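Listed here are the chains, written in short residue letters.
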Amino acid sequence: MKRHTKVVIGTALTASLLTGGTALAEGKGWWPGPKEVRVMLPEGQSNPAIATGVATGGEVAIYQSSGLGPTALNPSAPAGSPESYTDPALTQGATGVTVTEAQALVVLRNIKTNLEATGLTLADVITMKCYLMKPPGAETADYAGWNRAYRQYFANIDLTSKEVVPVPMGTSAPKAPLVANKARPARATMEVASLAVKGWMVEVEVTAAYKAR
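Residues numbered from 1 in each chain as written. Predicted model: local features only at pLDDT ≥ 70, side-chain atom pairs only at ≥ 80, totals over all residues. Heavy atoms only, no water.

**Considerations on the environment of Gly145**
Stage number 1. Here Gly145 shows up in helix α4 (residues 143-153).
Stage number 2. A residue is classified by how much of its surface remains accessible, and Gly145, at 0% relative accessible area, is buried.
Stage number 3. Each C-alpha atom, one on Gly145 and one on Gly96, is 9.9 Å from the other, the two residues being 49 residues apart in sequence.
Stage number 4. Those residues within four positions of Gly145 in sequence are excluded, and the remaining contacts are Thr98 and Glu101. (Helix = DSSP H or I, 4+ residues; strand = E, 2+ residues; numbered from the N terminus. Buried < 20%, exposed > 50% of the residue type's maximum accessible area, 1.4 Å probe, protein only. Contact = heavy atoms within 4.5 Å.)

Here it is as structure tokens:
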């Protein structure tokens, strides 16, 4: 799928990959075993949103999804509008949910369904790419809304305490996430000028690793 992208690069993450990440790799023998998946996390963080990198052994079976978007599940919105690609049932009772956030909740649920059809779960996701369009009238894509939706499905179990971390939806008070999941994929998010389906604001593709046999 052809996209004209406006890429926003996280300089802090880049620095981590080029400095701290390299040091960790050299200091701890980063090379993975043939059936191993190794995740590099920001040093000293017990609940980071994303991994700084993931290494897979040569015998790890990998699944790559296509780019998946939201499903039109809001019959009260005009057909083809961004609002039509949301599911009111997912945001019921929440306030201040943005259209990007609402679409992302549907997209990530679609990712979950896609993975389950192949014998995988969200916990098996190791990399993710997200493409966002900016909402009408906005200067940039809604990264904050996307990140809130992401935490509903990923990176919401503290890796030290093992406790589920409450997360916010819109401007509502944090509460238990939609899916408890400790996985932290290596992730990239970028703003694009257009997506293939009119009304889409979010498209996501993932790579997931099958567990060793």
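Still more ground to cover, so stick around.
**Topic: the pairing of strand β6 (residues 186-192)**
Stage number 1. Burial within β6 is extensive, with 6 of its 7 residues counted as buried.
Stage number 2. The pairing of strand β5 (residues 125-132) with β6 spans 6 bridges and is parallel. The residue bridging Leu132 from the neighbouring strand is Glu191, located in β6.
Stage number 3. The handedness of the β5 to β6 crossover, carried by α4, is right-handed. (Pairing = 2+ DSSP bridges. Right-handed = clockwise from strand over helix to strand, strands pointing away.)

**Some thoughts on the side chain of Glu205**
Stage number 1. Residue position: Glu205 is located in strand β7 (residues 202-209).
Stage number 2. Side-chain polar atoms of Glu205 contact the side chain of Tyr131, separated by 3.1 Å.
Stage number 3. Excluding residues that lie within four positions of it along the chain, Glu205 makes contacts with Gln64, Ser65, Ser66, Gly67, Thr127, Met128, Lys129 and Tyr131. (Polar contact = N/O pair within 3.5 Å; in protein donor to acceptor, adjacent residues only side chain to side chain.)

**Details of the pattern of salt bridges**
Stage number 1. Taken as a whole and assessed by the stated rule, the structure comprises 5 salt bridges.
Stage number 2. For Glu101, the salt bridge identified is with Arg148, shortest N-O distance 2.8 Å. Placement of the pair is Glu101 in helix α3 (residues 99-116) and Arg148 in helix α4, with a sequence separation of 47 residues.
Stage number 3. The partner of Asp124 in a salt bridge is Lys211, with the nearest N and O atoms 2.6 Å apart. Taken together, the residues Asp124 in the loop between α3 and β5 and Lys211 in the segment after β7 connect sequence positions 87 residues apart.
Stage number 4. Judged by its relative accessible area of 7%, Asp124 is buried.
Stage number 5. Overall, Lys211 belongs to the exposed group, its relative accessible area being 62%. (Salt bridge = Lys/Arg side-chain N within 4 Å of Asp/Glu carboxyl O.)

**Some words on α3**
Stage number 1. Between its first and last C-alpha, α3 extends 26 Å over 18 residues, near the 26 Å set by a 1.5 Å rise per residue.
Stage number 2. By the criterion of burial, α3 is predominantly enclosed, with 13 of the 18 residues buried. (Expected span 1.5 Å × (residues − 1).)

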